[in-house]
Amino acid sequence: MQGAARQALQAVFPEDNVFGREARVEVESKRAALQREIARNWHRLPEPWQTAARPKLFFCAEGLNDGLLVEAWTVDTLQSRLQSAWAFFDFCRENSLPEDVTRRTVPLRLDARQRAFRRGEVAISTVRGEMQSLKLMGLALFPDRDWGWMDPVLKLLKKQAAWQPSRNDGRIVDLAELRAAALTCADVALRQHEAAAAHKPRIRANKLARTGLALSLLVNSPIRRESLATLDLKENFDPGLTTLYLSPEETKDKKRDQRLLTRDLRRQLQDYVAHHRSVVAPAQETALFVGSRGKPVARGYLSQSLGDQCEKLFGKRVTPQVIRNIIAGFIVSQAPEQAALASEVLNHTTPATTETYRANASQVQAGHKLREANDRGRVTSGAQDTPRAKRKVRTRRPVRARRQGRAG
């Protein structure tokens, strides 16, 4: 509204500088902000690291004689690597560990970050970035020390990060596509099972059916990955396989949960138990997901199989956590006023997550209002969207045809 008013005033009074600003707010440069951040957090570095870093983190007033790291790295890179080092040494002090990057302190830090990952507080890619930044900072300050022992850790974290895609990777997949993919897996697996005459083809059909059922359970009843892998036919389902029960230990909010299964999910579950699971499960086994050796499937393997299948179908890995994010986004986009419902469906622990979805709902509402206002404005002004003419694509003849043409 303020911009529209300025435009109207400029049209009526073209000689006045309506859009001019007499006083501009001085914005601090990223370099100056980083310099202040380093001075404020300098005490978080151990004394040997301070001694090694002091000449390399020198900021010249004219920018002509900066320290080696200030000159070699960008402001963002230097800031990220310093923050990783500060956080690592804070962890060492809090746990009474030696304040240094060693073969003893790094595994303990990784254990703590792994626990944070299981709580959903950090991503594996973030942990790998922290370890990579820590190694590069140590290599820059202490080049004479051996830092190659961290390479296997970084390689393993990189492999694990590939199995845990970011939220942006999952946004290309729609909830309806996930539901259709799960039903397709079940139908294909059932046909493979009926056509198989040997044991190995039925094992492959069992894996496909198991993956499709796990996807359906996550889409229709978004439970936690740990709860999904430990589902038990006697403990978590009624005899007719129509209702899913979750104990307080299986939910993040520590409350008992009960969810009715849809008709398609009931049929898929019954087909899996009657045809595929019976091929591999011993008589005394009650776990829902059973592998080829007759034992319950590990939660990591189940998540990996689901990600592999989604990568084949959509070109992107979609893990259980990504599916939960997709469902939350779907609820917010379809009913922004019911944003708190997302936290109830997903059994979130703290109200802070609900506030995040509430903020997303406000953004969705604002986007809808802006789109509606733009549509009304185009109708009022008589402007209509005209499709742009497609650019003619010039095709080239094969090399052999061009050579024959020149020879002729």
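Not measured: the values here are computed from a predicted model.

### Focus: helix 7 (residues 124-141)
Then, in step 1: With 18 residues, helix 7 extends 26 Å between its outermost C-alpha atoms, agreeing within 8% with the 26 Å of an ideal straight helix rising 1.5 Å per residue.
Then, in step 2: Those residues of helix 7 lying buried are Ile124, Val127, Glu130, Met131, Ser133, Leu134, Lys135, Met137, Gly138, Ala140 and Leu141.

### Comments concerning the side chain of Arg113
Then, in step 1: Within the secondary structure layout, Arg113 lies in helix 6 (residues 105-118).
Then, in step 2: Those residues in contact with Arg113 that sit more than four places away from it in its chain are Val122, Val127 and Glu130.

### Things to note about the packing of aromatic side chains
Then, in step 1: Applying the stated criterion to the full structure yields four aromatic pairs.
Then, in step 2: With a centroid separation of 5.2 Å and an interplanar angle of 70°, the aromatic rings of Trp49 and Phe142 are classed as edge-to-face. Pair noted here: Trp49 is in helix 3 (residues 47-53) and Phe142 is in the loop between helix 7 and helix 8 (151-163), with a separation of 93 residues, a long-range link. A single burial state applies to Trp49 and to Phe142, both of which are buried.
Then, in step 3: Here Tyr272 and Phe289 contribute two aromatic rings whose centre-to-centre distance is 6.1 Å and whose plane-to-plane angle is 45°, an arrangement assigned as tilted. Pair noted here: Tyr272 is in helix 14 (residues 263-280) and Phe289 is in the loop between helix 14 and helix 15 (299-314), with a separation of 17 residues, a long-range link. Residues Tyr272 and Phe289 agree in their burial class; the two are buried.

### Some thoughts on the confidence of the model for the protein
When pLDDT is low, close inspection of the predicted coordinates is not appropriate.
Then, in step 1: Mean pLDDT over the protein: 79, with 73% of residues reaching 70 or higher.
Then, in step 2: Scored below 50 in pLDDT, residues 385-390 shows one contact in the model against residues more than four places distant or in partner chains.

### A word on the environment of Val75
Then, in step 1: Note that Val75 resides in helix 5 (residues 75-94).
Then, in step 2: Separated by 43 residues in the primary sequence, Val75 and Ala32 have C-alpha atoms spaced 9.7 Å apart.
Then, in step 3: In contact with Val75, not counting residues within four places along its chain, are Lys30, Arg31 and Leu34.

### A short note on a nonpolar patch on the surface
Then, in step 1: A surface patch of nonpolar side chains, amounting to about 280 Å² of accessible area, comprises Leu9, Val12 and Phe13.
Then, in step 2: Structurally, Phe13 can be placed in the loop between helix 1 (2-12) and helix 2 (30-41).
Then, in step 3: A residue is classified by how much of its surface remains accessible, and Phe13, at 38% relative accessible area, is partly exposed.

### Structural notes on the environment of Arg103
Then, in step 1: Note on placement: Arg103 falls in the loop between helix 5 and helix 6.
Then, in step 2: Note on Arg103: relative accessible area 58%, which makes it exposed.
Then, in step 3: Residues Arg103 and Trp149, 46 residues apart in the sequence, show an inter-C-alpha distance of 8.0 Å.
Then, in step 4: With residues near it in sequence (within four places) discarded, Arg103 still touches Asp146 and Trp149.

### Let's talk about the nonpolar core
Then, in step 1: Counting 42 residues, the largest nonpolar core has Trp49, Leu69, Leu78, Val101, Met131, Met137 and Leu141 as the members making the most contacts within it.
Then, in step 2: For this core, the elements supplying multiple residues, two or more each, are helix 2, helix 3, helix 4 (68-72), helix 5, helix 6, helix 7 and helix 8.
Then, in step 3: At eight residues, the largest contribution of residues to this core is made by helix 5.
Then, in step 4: Not counting the four nearest positions on each side in its chain, Val101 is found in contact with Trp49, Phe88, Phe89, Val106, Leu134, Arg145, Trp147, Trp149 and Met150.
Then, in step 5: Judged by nonpolar contacts, the second largest core, of 39 residues, contains Ala229, Leu231, Leu233 and Leu246.

### With respect to the pairing of strand 2 (residues 257-260)
Then, in step 1: Residues Asp257 and Arg259 point to one face of strand 2 and are all buried, whereas Gln258 and Leu260, pointing to the other face, are not buried.
Then, in step 2: Where strand 1 (residues 243-246) lies against strand 2, four bridges are found, and the strand directions are antiparallel. Bridge pairing in strand 2 links Leu246 to Asp257.

### So, the pattern of salt bridges
Then, in step 1: Under the definition given, this model contains ten salt bridges.
Then, in step 2: Arg44 is paired through a salt bridge with Asp90; the nearest N and O atoms lie 2.4 Å apart. Of this pair, Arg44 sits in the loop between helix 2 and helix 3 while Asp90 sits in helix 5, and the two are 46 residues apart along the sequence.
Then, in step 3: On the accessibility criterion, Asp90 (18% relative accessible area) is buried.

Conventions used here
- Residues numbered from 1 in each chain as written.
- Predicted model: local features only at pLDDT ≥ 70, side-chain atom pairs only at ≥ 80, totals over all residues.
- Heavy atoms only, no water.
- Helix = DSSP H or I, 4+ residues; strand = E, 2+ residues; numbered from the N terminus.
- Expected span 1.5 Å × (residues − 1).
- Buried < 20%, exposed > 50% of the residue type's maximum accessible area, 1.4 Å probe, protein only.
- Contact = heavy atoms within 4.5 Å.
- Phe/Tyr/Trp six-rings, centres within 6.5 Å; stacked < 30°, edge-to-face > 60°.
- pLDDT = per-residue confidence, 0-100.
- Patch = residues over 30% accessible without salt bridge, like charges linked within 9 Å, V, L, I, M, F, W, Y side chains within 5 Å.
- Areas by Shrake-Rupley, 256 points an atom, 1.4 Å probe, with all protein chains shown as cover.
- Salt bridge = Lys/Arg side-chain N within 4 Å of Asp/Glu carboxyl O.
- Core = buried A, V, L, I, M, F, W, Y, C linked by side-chain atoms within 4.5 Å.
- Pairing = 2+ DSSP bridges.

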